[in-house]
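Architecture and fold: a report
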Amino acid sequence: MKKGVSGGIIVLVIVGLLAVFGITQYNSLAKEEQAVEAQLSQVDNVMQRRADLIPNLVNSVKGSMGQEQKVFGDIAEARKAYGNASTDEEKIKTSQALDQSVGTLVNVINENYPELKSNDNVQTLMTQLEGSENRISVERKRYNEAVQTYNQQVVSFPKNIFANLMGLGKKPYFEAQPGAENVPEVDFGNSGE
């Protein structure tokens, strides 16, 4: 009888240890996932800052520029698409479109309106654009670092077993759009003027 009781105690201890191990693994993965979500929220925060700030600055510069309305329309459309994005993947994709529109605006100002750089409104816009893009770049880097740490946990043994059981998969990275390595060309039909 004592062998049966000892065997039962051993089984209970093993089950208890496995339960503690499983809970530890789950908590670790849950913390990493929360870190990724928090960092994505920070990316959203700086994107929202840009979305709130840039249109107001652009409106103050419009009178100084006589600029092509296409650039401002592209920024407005990209901002609207970002605001309507609901999934992480949609936010990443739409933020890249917004990046491209803002980058085009910076290039247009630099290439086609160099005399406007001395205008205080344009200088403020350029400074704020640069600052916003730098903030976004830093937060995206931090997000990608959090994703890397999380994804490493999700695919490493034995956490991958618990991750699969809990339905936790890899998180997407912010990545450069195809063609981002090429220098953008800005032409509004006034190159011959």
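Residues numbered from 1 in each chain as written. Predicted model: local features only at pLDDT ≥ 70, side-chain atom pairs only at ≥ 80, totals over all residues. Heavy atoms only, no water.

If you check an unreviewed UniProt entry, the chain appears there as LemA family protein from Enterococcus pallens ATCC BAA-351. UniProt annotates the chain under Subcellular location (unreviewed entry) with the comment "Membrane". Recorded in UniProt under Sequence similarities (unreviewed entry), the annotation for the chain is "Belongs to the LemA family." (UniProt positions renumbered as here; feature names shortened; annotations may be inferred.)

**Some words on the overall build of the chain**
Each helix and strand in the chain was counted, giving 5 helices and 0 strands. Its helices and strands in sequence order give the chain the pattern α-α-α-α-α, from N to C terminus. The buried share among the 193 residues of the chain stands at 33%. Sequence-distant contacts, at least 24 apart, represent 78% of the contacts inside the chain between residues at least 6 apart. Carbon and sulfur atoms form 54% of the exposed surface of the chain, whose accessible area is close to 11,700 Å². (Helix = DSSP H or I, 4+ residues; strand = E, 2+ residues; numbered from the N terminus. Buried < 20%, exposed > 50% of the residue type's maximum accessible area, 1.4 Å probe, protein only. Contact = heavy atoms within 4.5 Å. Areas by Shrake-Rupley, 256 points an atom, 1.4 Å probe, with all protein chains shown as cover.)

**Details of helix α5 (residues 159-166)**
Among the residues of α5, K159, F162 and A163 are the ones counted as buried. Within α5, the buried residues cover an arc of 100 degrees as seen down the axis, which keeps them to one side. Seen from the open side of α5, the exposed residues pointing more than 90 degrees away from its buried face are N164 and L165. G167 lies just past α5 and shows a positive phi near 75 degrees. (Arc of directions from axis to C-beta.)

**Considerations on unusual backbone geometry**
Backbone torsion omega between F157 and P158 reads 5 degrees, so that peptide bond is classified as cis. Secondary-structure assignment places P158 in the loop between α4 (120-155) and α5.

**Side note on the nonpolar core**
Residues L29, V36, M47, Y143 and F174 are the most contacted members of the largest nonpolar core, which totals 21 residues. Those residues within four positions of L29 in sequence are excluded, and the remaining contacts are Y150, Q153, V154, K159, F162, A163, M166 and L168. Among the nonpolar cores identified, the runner-up in size contains 6 residues, and L57, V58, L125 and L129 belong to it. (Core = buried A, V, L, I, M, F, W, Y, C linked by side-chain atoms within 4.5 Å.)

**A few points about the side chain of K159**
In this structure, K159 sits in helix α5. Here K159 occupies a buried position and makes no salt bridge, while the nearest side chain of opposite charge, E32, is found at 6.4 Å. Separated by 2.5 Å, the side chains of K159 and S28 make a polar contact. Side-chain polar atoms of K159 contact the side chain of Q153, separated by 2.6 Å. Discounting residues that sit within four places of it in the chain, K159 has contacts with Q25, S28, L29, Q153 and V154. (Lys, Arg positive; Asp, Glu negative; His and termini not counted. Salt bridge = Lys/Arg side-chain N within 4 Å of Asp/Glu carboxyl O. Polar contact = N/O pair within 3.5 Å; in protein donor to acceptor, adjacent residues only side chain to side chain.)

**Regarding the side chain of D44**
Within the fold, D44 resides in helix α1 (residues 2-65). By relative accessible area, which is 18% here, D44 ends up buried. Excluding its chain neighbours within four sequence positions, the residues that come into contact with D44 are Y82 and K91.

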